[in-house]
Amino acid sequence: MTPQPSTFASSFETRLRDSAMETQAALVGLLEDAALTDETARPPRLLAAMRHGTLNGGKRLRPFLVRETAAMLGGDASAALRVGVALECLHCYSLIHDDLPAMDDDDLRRGQPTVHKAFDEATAILAGDALLTYAFDIICAPQTDLSDRQKTELVLALSRAAGMGGMVGGQILDIEAESIRPDEAGIVQLQAMKTGALLRFACEAGAIAAGADASHRQRMRQFGETIGLSFQLADDLLDVTSDAVTLGKAAGKDAGRGKGTLVALHGIEWAEERLDRLTQDAENLLSPYGEKAAILREAARFIADRSN
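Rules behind the numbers
- Sequence order as written defines the numbering, with residues in each chain counted from 1.
- This being a predicted model, a pLDDT of at least 70 is required before a residue's local features are given, and a value of 80 or more before pairs of side-chain atoms are given or counted; all residues contribute to the totals for chains, interfaces and linings.
- The basis for the side-chain values is all heavy atoms of the structure; hydrogens and waters are excluded.
- Each Phe, Tyr or Trp ring, with Trp reduced to its six-membered ring, pairs with another whose centre is within 6.5 Å; inter-plane angles below 30 degrees give stacked pairs, above 60 give edge-to-face pairs, and intermediate values give tilted ones.
- Strands are runs of DSSP state E lasting at least 2 residues, helices are runs of H or I lasting at least 4, and numbering of each runs from the N terminus.
- The buried label goes to any residue with under 20% of its type's maximum accessible area, the exposed label to any with over 50%, and the partly exposed label to all in between, with areas taken from a 1.4 Å probe on protein chains only.
- Whether a charge lies above a ring is judged from NZ of Lys or CZ of Arg, which has to be within 6 Å of the ring centre and within 35 degrees of the ring normal.
- The disulfide definition used here is simple: a pair of cysteine sulfur atoms within 2.5 Å.
- In this analysis, axes come from line fits to C-alpha atoms, helices being fitted only over the stretch in contact, and the angle between any two N-to-C directions falls in the range 0 to 180 degrees.
- Throughout this description, any angle smaller than 35 degrees is read as roughly parallel, any larger than 145 degrees as roughly antiparallel, any in the 65 to 115 degree range as roughly perpendicular, and the remainder as oblique.
- By the convention used here, residues are in contact when the closest approach between their heavy atoms is within 4.5 Å.
- The nonpolar class holds Ala, Val, Leu, Ile, Met, Phe, Trp, Tyr, Cys and Pro. Asp, Glu, Lys and Arg form the charged class, and all remaining residues, Gly among them, are polar.
- A crossing counts as left-handed when the near helix is turned anticlockwise from the far one by less than a right angle, and as right-handed when that turn is clockwise.
- When a carboxyl oxygen of Asp or Glu is within 4 Å of a side-chain nitrogen of Lys or Arg, the pair counts as a salt bridge.
- Definition of nonpolar core: a set of buried residues of the types Ala, Val, Leu, Ile, Met, Phe, Trp, Tyr and Cys, connected through side-chain atoms within 4.5 Å.

A. Here's a closer look at the packing of aromatic side chains. The full count for this structure, using the stated rule, is two aromatic pairs. Seen in terms of ring centroids, Phe 12 and Phe 64 are 5.6 Å apart; in terms of plane orientation they differ by 85 degrees. Their pairing is edge-to-face. One end of the pair, Phe 12, is in helix α1 (residues 9–30); the other, Phe 64, is in helix α3 (residues 61–72), with 52 residues separating them in the sequence. In this pair, the class of Phe 12 matches that of Phe 64, namely buried. Judged by centre distance (5.4 Å) and plane angle (50 degrees), the ring pair of Phe 12 and Phe 302 falls under tilted. Pair noted here: Phe 12 is in helix α1 and Phe 302 is in helix α15 (residues 294–305), with a separation of 290 residues, a long-range link. On the accessibility criterion, Phe 12 (2% relative accessible area) is buried. Residue class for Phe 302 comes out partly exposed when judged on its relative accessible area of 22%. In this arrangement the basic side chain of Arg 62 is found over the ring face of Phe 231, its NZ or CZ atom lying 5.3 Å from the centre. Geometry around Phe 231 places Arg 306 over its ring, the cationic atom sitting 3.8 Å from the centre.

B. Inspection of the state of the cysteines at higher detail. In this structure the tally under the stated criterion is zero disulfides. In this structure Cys 89 is a free cysteine whose sulfur lies 6.8 Å from that of Cys 92, the closest cysteine sulfur available. Unpaired in terms of disulfides, Cys 140 finds its nearest cysteine sulfur in Cys 89, a separation of 13 Å. Residue Cys 140 is classed as partly exposed on the basis of its relative accessible area of 41%.

C. The arrangement of the packing of helix α7 (residues 148–162) against helix α9 (residues 184–209) in detail. Interhelical geometry of α7 versus α9 gives an angle of 175 degrees and a closest axis separation of 9 Å. In this view, α7 runs roughly antiparallel relative to α9, as classed from their interaxial angle. Residue-level inspection shows Gln 150, Glu 153, Leu 154, Ala 157, Leu 158, Ala 161 and Ala 162 of α7 in contact with α9, the latter providing Ala 197, Leu 198, Arg 200, Phe 201, Ala 205, Ile 208 and Ala 209. A per-class count over the contact of α7 with α9 returns 11 nonpolar, one polar and two charged.

D. Structural view of the packing of α9 against helix α10 (residues 214–241). In contact at an axis separation of 7 Å, α9 and α10 are set at 140 degrees when each is read in the N-to-C sense. As far as their axial angle goes, α10 and α9 are oblique. In this structure, α9 crosses over α10, and the sense of that crossing is right-handed. Contact residues: Val 188, Gln 191, Thr 195, Gly 196, Leu 199, Arg 200, Cys 203, Glu 204, Ala 207 and Ile 208 in α9; Arg 217, Met 220, Arg 221, Phe 223, Gly 224, Glu 225, Ile 227, Gly 228, Leu 229, Phe 231, Gln 232 and Asp 236 in α10. Split into classes, the residues belonging to the contact of α9 with α10 amount to 10 nonpolar, six polar and six charged.

E. Up close: the pattern of salt bridges. Tallied over the full model, the rule gives 19 salt bridges. Residues Glu 204 and Arg 221 are paired through a salt bridge, measuring 3.0 Å at the closest nitrogen-oxygen approach. Here Glu 204 is found in helix α9, whereas its partner Arg 221 is found in helix α10, with 17 residues between them in sequence. On the basis of relative accessibility, which here comes to 25%, the residue Arg 221 falls in the partly exposed class. With its nearest N and O atoms 2.5 Å apart, the salt bridge here joins Glu 283 to Arg 301. In this pair, Glu 283 sits in helix α14 (residues 268–285) while Arg 301 sits in helix α15, placing the two residues 18 residues apart along the sequence. This pair shows no difference in class: Glu 283 is buried, exactly as Arg 301 is.

F. The arrangement of helix α8 (residues 167–176) in detail. Within the sequence span of α8, burial applies to Met 167, Gly 169, Gly 170, Gln 171 and Asp 174. Those residues of α8 that are buried lie in contact with α4 (77–98), α7 and α9.

G. Local environment of the nonpolar core. If you look at the biggest cluster of nonpolar residues, it comprises 66 residues, and the most contacted ones within it are Leu 65, Met 220 and Phe 223. Take this core: its biggest share by element is 11 residues, from α4. Look past the residues within four positions of Met 220 in its chain and what remains in contact with it is Thr 69, Met 72, Leu 73, Cys 203, Glu 204, Leu 286, Tyr 289 and Leu 296. Counting residues in hydrophobic clusters, the runner-up holds 10 residues, among them Leu 233, Ala 234, Leu 237 and Leu 262.

Take a look at the structure:
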């Protein structure tokens, strides 16, 4: 794709970088050695593995979407940060488990050894389990300054996005796709669940954290679904066109395993044109918010045009 120039590009890049740094700092604080109230102890090896799987860089795109959506709708920045960090913990759990030999069997993540390579498989599984659980702890803790109703809505929405009808369900469909290649509808469903569900939640969560009404929440949910489709299509395109050094993980694995993707089905040119259409759809969903949505528009373009 040819990147579209924008007067907001530098502002977007600065906001994304700053948000990633703030998310990283919050994660460091939440993964400190000292046990919290009602925790007996934090085993050092488990904590080290959790840190290895979370404090290893990355764009921190999901927390960024939570925070920018909340900001656009007038939400509290500190509460949105904690919700974003909770989502990042859950996302990192999914990566740790996805990298395991029984799943995608990857040795590299963000340019570093995966958790099961740096430690062992059992420790990686438990680190993922702990991060998954911690995500809900962070949302519900008193330090997250939201109403009980907002916290309940967030927990329910995240449970649905991450569970058997969302990300985890998408992962089993992805495994099945190695032996039974799905048709186009099956690929879209798989990707909407495995990748899109958490991106959808990120945008909806920002609206919940801002106390926005149902119409704003539904619009941002649709925006999240659209950029989720774009994210996975761009990922599949990069798997074909990029390399391990650029990606920070193995390239060409989908083709190697015979997985069905929209790129394999329709080709690179079709995928690039589809990304353009999805980006336009995402921008159209933001039109009611005017200039307040400038950063999220750039986010939609970044997702489609990214190089890793």
